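Listed below are the residues making up each chain.
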Amino acid sequence: MKIRISRPMQRPLMLFAIGLLVTVLAACGAGAQFANVGDNLEGGGDRGEAAAPSSAPAPAGEGGGGGQQDAYQALADRKIIKTGEVTLEVTSVATAVGQLRAMALELDGYVGDSSAGGAEDAATLTLRIPADRFDAAIERLHAMDATLKAEATKEQDVTGSLVDLQARIRNLEASEQQYRLLVERAEKIEDILSVQSRLDDVRGQIEQLKAQLEQLSGLASLATLTVTLVPASTPVADATEGWDPGATFDQALAALVGAGQGLANVLIWLAIVGLPILVVVGVVALVVTRLTPAWRRRVPRPE
């Protein structure tokens, strides 16, 4: 006996199936997160036992499975981003730049970026070198005919981030397959558009995560070494650096002109303000001098 579902009932059933699929996928993602936490706790825990080596394969017959073996393999192949900054003082910047370019090619790398001024101005080169040859590049820099002024290196383990990105991509690709099946089975235009919208969103997330994975893998496979070259200084060059006779002459001439202007200002003030004051003071003094003898004669002297 076959049970037929009427067309009015097909759309609610389709929407119910979509909601059920989303719930199941969310539960699977949460389960994967709890599984990862459980794996981390199994490494040491409170048992006081030494953690098993990361490169040890999963024991057979104990439920390891392919996923656990992949996790152990990922732990064995650590992915580390190596970066470094080195400053060297060299006698010839142009010669040192050529040496660095040749060194990068010999180590199967390349110069990713460079900036320099004149032939003897400071220069900066960014070398991209295979990660396993990063230490060799540092040793080559130490062996150069140059003075090491500064050095700084950094290593960042991104293995966990890469494994997490790969797991998220796999989960999203599984969701993508399920959505594609729902699109093929959908009959109503509304159902097709709804599922297609979610499918496009999942596809966009996959592309974004793959781009992040590719960028992170590239940084881990090729180390970044930034080398700054500065020209070596000499006593004569240091003594004469910044000395400009023409500028000194201009400054002295400007000082002389300023002194002459100041003297001229004083004379102008004396002529306009000081001279009238001197005239008035002179007249007053003359009057006082003339009147003082007459005033003395009129005053009776005591007998």
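Relevant structure appears above.
Each value, and the rule that gives it
Residues numbered from 1 in each chain as written. Predicted model: local features only at pLDDT ≥ 70, side-chain atom pairs only at ≥ 80, totals over all residues. Heavy atoms only, no water. Pairing = 2+ DSSP bridges. Helix = DSSP H or I, 4+ residues; strand = E, 2+ residues; numbered from the N terminus. Buried < 20%, exposed > 50% of the residue type's maximum accessible area, 1.4 Å probe, protein only. Lys, Arg positive; Asp, Glu negative; His and termini not counted. Salt bridge = Lys/Arg side-chain N within 4 Å of Asp/Glu carboxyl O.

Student: Can you explain the pairing of strand β5 (residues 222–231)? Please cite residues and give values.
Tutor: In terms of strand pairing, strand β1 (residues 80–90) meets β5 through eight bridges, oriented parallel. Paired with Thr87 across the strands is Thr228, a residue of β5. Bridge analysis of strand β3 (residues 123–130) against β5 gives eight bridges, and the strand direction is antiparallel. For Thr126, the partnering residue across the bridge sits in β5 and is Thr226.

Student: Talk me through the side chain of Lys82; I want residue IDs and the actual numbers.
Tutor: As for its placement among the helices and strands, Lys82 is situated in strand β1. Of the side chains with opposite charge, Glu155 comes closest to the buried, unpaired Lys82, at an N-O distance of 4.3 Å.

Student: With reference to specific residues and values, describe unusual backbone geometry.
Tutor: Working note: non-glycine residues mostly have negative phi, and peptide bonds are mostly trans. Positive phi outside glycine occurs at Asp108, with the angle close to 60 degrees. Its location among the elements puts Asp108 in the loop between α3 (93–106) and β2 (110–116).

Student: Provide a residue-level description of the pairing of β1, including the pertinent values.
Tutor: Pairing of β1 with strand β4 (residues 147–157), which is carried by ten bridges, proceeds in the antiparallel orientation. The residue bridging Val86 from the neighbouring strand is Glu151, located in β4.

Student: Any chance you could break down the pattern of salt bridges for me, citing the residues and the numbers?
Tutor: Taken as a whole and assessed by the stated rule, the structure comprises eight salt bridges. Its salt-bridge partner being Arg168, residue Asp164 comes within 3.8 Å of it at the nearest N-O pair. Here Asp164 pairs with Arg168, and both are found in helix α5 (residues 159–185), just four residues apart, close to one helical turn. Looking at Asp164, the relative accessible area reads 39%, which means it is partly exposed.

None of this, on its own, says anything about what the molecule does.
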